Amino acid sequence: MAGADGPGQRPVRLTGHRPHSAEDAWRLSRTIGYLRDHVLADPDIADQPLVASTAAQHLAASVLAAFPNTMSEAVPGPDGTDTRPAMLRRALAYIDDHAGEPVTVADIAGAARVTVRALQYAFRRHLDTTPLAQLRRVRLAHAHHDLLAADPADGATVTEIAARWGFYHPGRFASLYRDTYRRAPRLALAGE
């Protein structure tokens, strides 16, 4: 397994074959089971590019959390210069421009020209969120727009629109949508 933090960065490699702890092994096993039983079990959902990308990212993050690896713990600004606001603007613009595509944290970090760790740190420090949580908010806004613009008479469904924007679990999508927009997504689709 290998991945890169950003341009010019070395790939991340596993450095051991045993999980850090029994708890880490259990978490990884639960992640694999969830993806197998809930994401890959429904071909219509699993074939959605954003769902497949999100599932792959989740699995990769779970593997990296469970096993020893070479992931860098670098932080921005070795000379002490705070370049994070400009970097955040680049990251946010990338998220906005690519929300309909399979996007990884490494992609966002690459667009912002920083390491994944630096990106995560800056999002926490300046926005009190994570890059993927921001991506989820942007995708939810797009799903909201699509629900309002869609016509159920043309066959549009909440599940299809949610999956198009990377939300593969209809119940979780509905809950997130209600928390954000204060009504059920089916009501938005129905124009109510």
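Preceding block: the structure.
Residues numbered from 1 in each chain as written. Predicted model: local features only at pLDDT ≥ 70, side-chain atom pairs only at ≥ 80, totals over all residues. Heavy atoms only, no water.

Undergrad: A description of the overall build of the protein should follow, citing residues and the corresponding values.
TA: Scanning the protein from terminus to terminus reveals ten helices and zero strands. Walking the protein from its N terminus toward its C terminus, one meets helices and strands in the order α-α-α-α-α-α-α-α-α-α. Among the 192 residues that make up the protein, the fraction classed as buried is 37%. Contacts spanning at least 24 positions in sequence make up 68% of the contacts within the protein whose residues lie at least 6 apart. When the accessible area of the protein is evaluated, it comes to approximately 11,000 Å², of which 53% is carbon and sulfur surface. (Helix = DSSP H or I, 4+ residues; strand = E, 2+ residues; numbered from the N terminus. Buried < 20%, exposed > 50% of the residue type's maximum accessible area, 1.4 Å probe, protein only. Contact = heavy atoms within 4.5 Å. Areas by Shrake-Rupley, 256 points an atom, 1.4 Å probe, with all protein chains shown as cover.)

Undergrad: I'd like to hear about the nonpolar core, residue by residue, with values.
TA: In this structure, Ile108, Leu119, Leu147, Ile161, Trp165, Phe173 and Leu189 are the most contacted members of the largest nonpolar core, which totals 34 residues. Residue assignment for this core shows that the elements contributing at least two residues are helix H4 (84-98), helix H5 (105-112), helix H6 (116-127), helix H7 (131-149), helix H8 (158-164), helix H9 (170-181) and helix H10 (185-189). The contact partners of Ile108, leaving out residues within four places of it in the chain, are Ala91, Tyr94, Ile95, Val103, Leu119 and Pro131. (Core = buried A, V, L, I, M, F, W, Y, C linked by side-chain atoms within 4.5 Å.)

Undergrad: How would you sum up the environment of Ala174? Please name residues and give values.
TA: Topologically, Ala174 is positioned in helix H9. Taking relative accessible area as the criterion, Ala174 reaches 15% and is therefore assigned buried. Taking the C-alpha atoms as reference points, Ala174 and Ala184, ten residues apart in sequence, are found 6.3 Å from one another.

Undergrad: Before we move on, could you go through H9 and cite the residues and values that matter?
TA: The end-to-end C-alpha distance of H9, which contains twelve residues, comes to 16 Å, matching closely the 16 Å that a straight helix rising 1.5 Å per residue would cover. Taken as a whole, H9 has its buried residues at Phe173, Ala174 and Tyr177. The arc enclosing the buried residues of H9, seen along the axis, measures out at 100 degrees, which places them on a common side. Each element contacted by the buried residues of H9 is listed here: H7, H8 and H10. (Expected span 1.5 Å × (residues − 1). Arc of directions from axis to C-beta.)

Undergrad: Provide a residue-level description of the side chain of Thr129, including the pertinent values.
TA: Take Thr129: it is sitting in the loop between H6 and H7. Since its relative accessible area comes to 6%, Thr129 is described here as buried. Looking at Thr129, its side chain comes within polar contact range of the side chain of Arg137, at 2.8 Å. Sequence-distant contacts of Thr129, that is, excluding residues within four places in its chain, are made with Phe123, Arg124, Gln134 and Arg137. (Polar contact = N/O pair within 3.5 Å; in protein donor to acceptor, adjacent residues only side chain to side chain.)

Undergrad: Give a detailed account of the pattern of salt bridges, specifying residues and quantitative values.
TA: Applying the stated criterion across every chain yields a total of three salt bridges. Between Arg164 and Asp146 there is a salt bridge; the shortest N-O distance is 2.9 Å. Here Arg164 is found in helix H8, whereas its partner Asp146 is found in helix H7, with 18 residues between them in sequence. What makes Asp146 buried here is its relative accessible area of 17%. It is possible to trace a salt-bridge network through shared partners that takes in Asp146, Glu160 and Arg164. (Salt bridge = Lys/Arg side-chain N within 4 Å of Asp/Glu carboxyl O.)

Undergrad: Residues and numbers for the packing of H7 against H9, please.
TA: Direction vectors running N to C along H7 and H9 enclose 85 degrees, while the axes themselves pass 11 Å from each other. With respect to H9, the element H7 is oriented roughly perpendicular. Facing Arg136, Leu140, Ala141, Ala143, His144 and Leu147 of H7, the residues of H9 in contact are Phe173, Leu176, Tyr177, Thr180 and Tyr181. Counted by class, the contact of H7 with H9 contains eight nonpolar, two polar and one charged residues. (Axes fitted to C-alpha atoms, helices over the stretch in contact; angles between N-to-C directions. Parallel < 35°, antiparallel > 145°, perpendicular 65-115°, else oblique. Nonpolar A, V, L, I, M, F, W, Y, C, P; charged D, E, K, R; others polar.)

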